[in-house]
Amino acid sequence: MSSLSNTTTWMVEGNVRVKPKLRLVCFPYAGGGASLYRQWQAAMPQGVQVCAVQLPGRENRIAHPPLARLDEVIPALGRAMEPYCDTPFAFFGHSLGAKIAFELARTLRRDKGLEPRHLLVSGARAPHIPEPSPMHQLSDQAFIDGLRRYSAMPEEVLQNRDLMQLFLPVLRADFSIDETYAFQEEAPLACPITAFGGSEDHEADRQELLAWDDYTTASFACHIFPGDHFFIKTAQKPVLDAVVQIIAPAASPAS
């Protein structure tokens, strides 16, 4: 429990020389860690700091038990966000990270009257659309077989029993967060939402991305990049270019 009360463990901050005008808080996909966003700070305009969320059970938090339900993750993240709310912020989340970002945005609105300047959701179906093929309760072998549809792990890793014993608890916990999520209706957010998708992504198709439009009373946009579910890696430069273009106005002196 000590990890939940220590907010510093939840964020990996990009190095900036002065106090930022905007923080871009980034949420990784299932099984991923803050290192996914390690290179993003260098691409940001002056005044923007990247703060990557580090969930328990991975990278520098590998000794902490992973959390398996969103109603455990969100309160802890809400506390972790408190020191970062002194500056305007935007959220970017990929896949599971988009769902976490969305629910955290709604929680901050309820609890603190705060919303992100912009919510960027990537490779994720709109919140009311459930996972069509749940996996978290499958046997180990069936779960590993299911992972192949995401093309995230090399085959040699999937076939390495020792490595998979390390990865499985975190992956199962993250898939459980996603697949046990029960969407609750609330008023739409007041911040703009932009959805990113991959042209060959079968986990979140264009119609499922466009459905995010219902969750904002502000502007909505959708951008499709070449690639499958992990287009944020294979099309990293155009993705980053788009992110910068979207958030730069919020960090400008006039904002």
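In the block above lies the structure referred to throughout.
Here we summarise the structure given alongside this text. (Residues numbered from 1 in each chain as written. Predicted model: local features only at pLDDT ≥ 70, side-chain atom pairs only at ≥ 80, totals over all residues. Heavy atoms only, no water.)

## A short note on the pairing of strand E4 (residues 89-94)
At step 1: The buried fraction of E4 is high, at six of six residues.
At step 2: Across the two faces of E4 the burial is the same, with Phe 89, Phe 91 and Gly 93 and Ala 90, Phe 92 and His 94 all buried.
At step 3: Examined bridge by bridge, strand E2 (residues 22-27) and E4 share five bridges and lie parallel to one another. Counterpart to Arg 23 in the pairing with E4 is Phe 89.
At step 4: Taken together, the four bridges between E4 and strand E5 (residues 119-122) define a ladder with parallel strand orientation. Bridge pairing in E5 links Phe 92 to Leu 120.
At step 5: Each parallel crossover has a hand, and for E4 linked through helix H4 (residues 96-112) to E5 it is right-handed. (Buried < 20%, exposed > 50% of the residue type's maximum accessible area, 1.4 Å probe, protein only. Helix = DSSP H or I, 4+ residues; strand = E, 2+ residues; numbered from the N terminus. Pairing = 2+ DSSP bridges. Right-handed = clockwise from strand over helix to strand, strands pointing away.)

## Focus on the packing of aromatic side chains
At step 1: Using the criterion set out here, one finds 14 aromatic pairs in the structure.
At step 2: Judged by centre distance (6.1 Å) and plane angle (80 degrees), the rings of Tyr 37 and Phe 92 are edge-to-face. Of this pair, Tyr 37 sits in the loop between E2 and helix H2 (40-43) while Phe 92 sits in strand E4, placing them 55 residues apart in sequence.
At step 3: On the basis of an interplanar angle of 75 degrees and a centroid distance of 5.4 Å, the ring pair of Phe 143 and Phe 175 is categorised as edge-to-face. Note that Phe 143 is positioned in helix H5 (residues 140-147) and Phe 175 in helix H7 (residues 161-179), a separation of 32 residues in sequence. The residues Phe 143 and Phe 175 share a single accessibility class, namely buried.
At step 4: One aromatic cluster is present, formed by Tyr 37, Trp 40, Phe 92, Phe 196, Phe 225 and Phe 231 through successive ring pairs.
At step 5: A cation sits over an aromatic face here: Arg 61 above Trp 10, 4.5 Å from the ring centre.
At step 6: We note Arg 172 situated over the ring of Phe 143; from NZ or CZ to the ring centre the distance is 4.8 Å. (Phe/Tyr/Trp six-rings, centres within 6.5 Å; stacked < 30°, edge-to-face > 60°. Lys NZ or Arg CZ within 6 Å of the ring centre and 35° of its normal.)

## So, the side chain of Glu 103
At step 1: Within the fold, Glu 103 resides in helix H4.
At step 2: Looking at Glu 103, its side chain comes within polar contact range of the side chain of Arg 106, at 2.8 Å.
At step 3: Setting aside its immediate chain neighbours within four residues, Glu 103 contacts Leu 70, Ile 74 and Tyr 181. (Polar contact = N/O pair within 3.5 Å; in protein donor to acceptor, adjacent residues only side chain to side chain. Contact = heavy atoms within 4.5 Å.)

## Some thoughts on the environment of Thr 107
At step 1: You can see Thr 107 is positioned in helix H4.
At step 2: Residue Thr 107 is classed as buried on the basis of its relative accessible area, which comes to 11%.
At step 3: Through-space distance from the C-alpha of Thr 107 to that of Leu 77 is 9.9 Å; in sequence the pair is 30 residues apart.
At step 4: Here the side chain of Thr 107 touches Arg 110 through a polar contact of 3.1 Å, side chain to side chain.

## Overview of the packing of helix H3 (residues 70-81) against H4
At step 1: Put simply, H3 and H4 touch, their axes get as near as 10 Å, and they point 60 degrees apart. Between H3 and H4, the crossing angle belongs to the class labelled oblique. In this structure, the crossing between H3 and H4 has a hand that is right-handed. On H4, the residues that touch Leu 70, Val 73, Ile 74, Leu 77, Gly 78 and Met 81 of H3 are Ile 100, Glu 103, Leu 104, Thr 107 and Leu 108. (Axes fitted to C-alpha atoms, helices over the stretch in contact; angles between N-to-C directions. Parallel < 35°, antiparallel > 145°, perpendicular 65-115°, else oblique. Left-handed = near helix turned anticlockwise from the far one by under 90°.)

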